[in-house]
Amino acid sequence: MNAFSRRGACPALSAPMQTGDGLLVRLNPVARGLSPKLLIALAESAQRHGNGIMEVTARGSLQIRGLTAESATLLAAEVDALGIAVRTGVPIETGPLAGIDPQEIADPRPLAERIRVAVEEAGLTPRLGPKVSVVVDGGGQLTLDAVTADVRLKAVRAGSGIVWSVSVAGDGRNAKVLAKVDADAARDITVAALRMVAEKGREAHARDLSERQLVSLAGWLCLTGSREAPLSVLPDISPSRGEITLSPMVSPISGVAKEKPASRLLISPLEGEMSGRTERGASRRPIGLFPVAGDTFTLGIGLPYGSMPADKLITLTQSALTLGTSEIRLAAGRALLFLGQPHAANQPLQTTAATLGFVTSPADLRTRIAACPGTPACGSGRIATRDIAEAIAAENAGDLDFTLHISGCAKGCAHPGPAALTIVGGENGAGLVVNATAKTLPAGYRPGYDAARGVSRVAAMIRSERLQGETAAACLTRLGAAGVADAYRRAQN
Ligand code: SF4
């Protein structure tokens, strides 16, 4: 058995991962996008060597499923022959519209490239686990707020200038904010954080860094003295305005002990986590029309639950090619962005996509449902997640304003965090979990084939019990897990 069958590792093209339906590979083109012809060729290759299912992940990676050890090698050779350079090393993510979004605060690509180079020069790639990642978010129409990363840099306006808000271990809502600094410092803190993670081993993430390490990262400008003055080190996010004192410590950047007296920060970096004053705002789904540079529009089209048969992707891409699309980008949020076609082509392209079953509206309920492949695609699955999801979407359009997670088993691959409602497959059928993760003991069960009926009953309950102005998610919280599970369990024909 090969070493790359370990679940949880990153299934790069050169290191496929074993799943219930064979090997899976994940690839990210170095170029931001692919030409339609290249995407068609890639999909044909996926059809030849895999099971014909293609996926775009929540992070915007392309996945091909159902490979064998032999066919994975053939696929890799064909990708190579197509001239598609795939990304290696620590993932440094930028948004799909980076550099062409008229609304972005800063073009994140130059900083991302400098971090990439610095990480390589520091020799960190082989010392870090495959899932350690960095986000460099220039802001704009399609932010990366929903993407979890070990280190995240977000462009923010500061007076007449722009600085980078540096945070660690989380997404745009819950990452711990360390500092707001210039691009040089942002790069250095990023490398320092990754060095600390590497020192903890290949299983480590930024969430494993100690409070002392976070404090040293937040205060490193003061400690190293390598800048004349930090633009800002957490000056405005303390709920208590408390001060903390740093002991003399080793600079995480230079590795040289500093003899400077203790510096004083205006905030504990750990308080920043709770302050709620990070750069927030709901991420916009990458579906629909978005103005881009040159007075044109890009059209975002989603893959339901992140996957589509390759033949449908080929049909859509052929249509795009005919209509004048020059580039197709992978977008975080399980979508593709079509660029270059004349504006008049967007409507017919959208119509074709809808006819093929793609997601063409950000209001489509399927965008609120996270569903892993489940049975029969995944050997660990206990319920047919996608069938359940389709039935729920068909019956409950407009009723659910929260993320519904349908998980084939307790692993919760499609949505590792808590969801307002989770249906999870297990020995007792399809369990219902309220406001928790798929790993939580369900509050009630139904047979897997009948789970959609139970969710429809819960949706009906929300309709009748909801207070004026109350969201469905808030209503669920108010009704409580036991009451919701009871409705789910008792649903009749
Ligand atoms: S959560 Fe879904 S994809 Fe992940 S192991 Fe379980 S059934 Fe498979």
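The notes below deal with the structure included here.

About the thresholds
- Residues numbered from 1 in each chain as written.
- Predicted model: local features only at pLDDT ≥ 70, side-chain atom pairs only at ≥ 80, totals over all residues.
- Helix = DSSP H or I, 4+ residues; strand = E, 2+ residues; numbered from the N terminus.
- Buried ≥ 20, exposed ≤ 12 C-beta atoms within 10 Å, placed from the backbone.
- Contact = placed C-beta atoms within 7 Å.
- Pairing = 2+ DSSP bridges.
- Core = buried A, V, L, I, M, F, W, Y, C linked by C-beta atoms within 7 Å.
- Domains from an automatic or database assignment.
- Axes fitted to C-alpha atoms, helices over the stretch in contact; angles between N-to-C directions.

**A closer look at the overall build of the chain**
Broken down by element type, the chain carries twelve helices and 22 strands. Residue burial in the chain is summarised as follows: out of 493 residues, 49% are buried. Taking the intrachain contacts of the chain between residues at least 6 apart in sequence as the baseline, contacts between residues at least 24 apart amount to 65%.

**Side note on the pairing of strand β9 (residues 161-170)**
Counted residue by residue, β9 has seven buried out of ten residues, so it is predominantly covered. Judged from the nine bridges that link them, strand β8 (residues 149-158) and β9 form a sheet pairing that is antiparallel. Looking at the pairing, Leu153 lines up with Val166 of β9. Counted between consecutive antiparallel strands, the loop separating β8 from β9 contains two residues, among which Gly159 sits at a positive phi close to 65°. Sheet topology places β9 next to strand β10 (residues 176-181); five bridges connect them, and they run antiparallel. When the bridges of β10 are listed, Val168 appears paired with Lys176.

**Considering the nonpolar core**
If you look at the biggest cluster of nonpolar residues, it comprises 97 residues, and the most contacted ones within it are Ile189, Ala193 and Leu194. Built from parts of two domains, this core gets at least three residues from each of domain 1 (3-89 + 286-362) and domain 2 (97-275). Among all residues touching Leu194, those that are not within four sequence positions of it are Val90, Val119, Leu124, Leu128, Val132 and Val151.

**Let's talk about the sheet that holds strand β19 (residues 404-407)**
Spatially, β18-β19-β20-β21-β22 is the arrangement adopted by the five strands of the open sheet, whose pairing is mixed. Looking along the sheet, the strands with just one partner apiece sit at the ends: β18 (369-371) and β22 (444-446). The sheet shows a mean angle of 20° between the axes of neighbouring strands, direction not considered. In the sheet, β19 pairs with strand β20 (residues 419-426) via four bridges, with the strands oriented parallel. Looking across to β20, one finds that Ser407 is bridged to Val424.

**Quick look at unusual backbone geometry**
Pro376 follows Thr375 through a cis peptide bond whose omega is 0°. Inspection of the secondary structure puts Pro376 in the loop between β18 and α10 (385-395). Of note, Arg334 is a non-glycine position whose phi angle comes to about 60°, a positive value. Structurally, Arg334 can be placed in the loop between β16 (327-331) and β17 (335-339).

**Focus on the environment of Val458**
Checked against the element boundaries, Val458 lands in helix α11 (residues 451-465). When the C-alpha atoms of Val458 and Gly483 are compared, they prove to be 9.6 Å apart, with 25 residues separating the residues in sequence. Every residue in contact with Val458, bar those within four places of it in the chain, is listed here: Val484, Ala487 and Tyr488.

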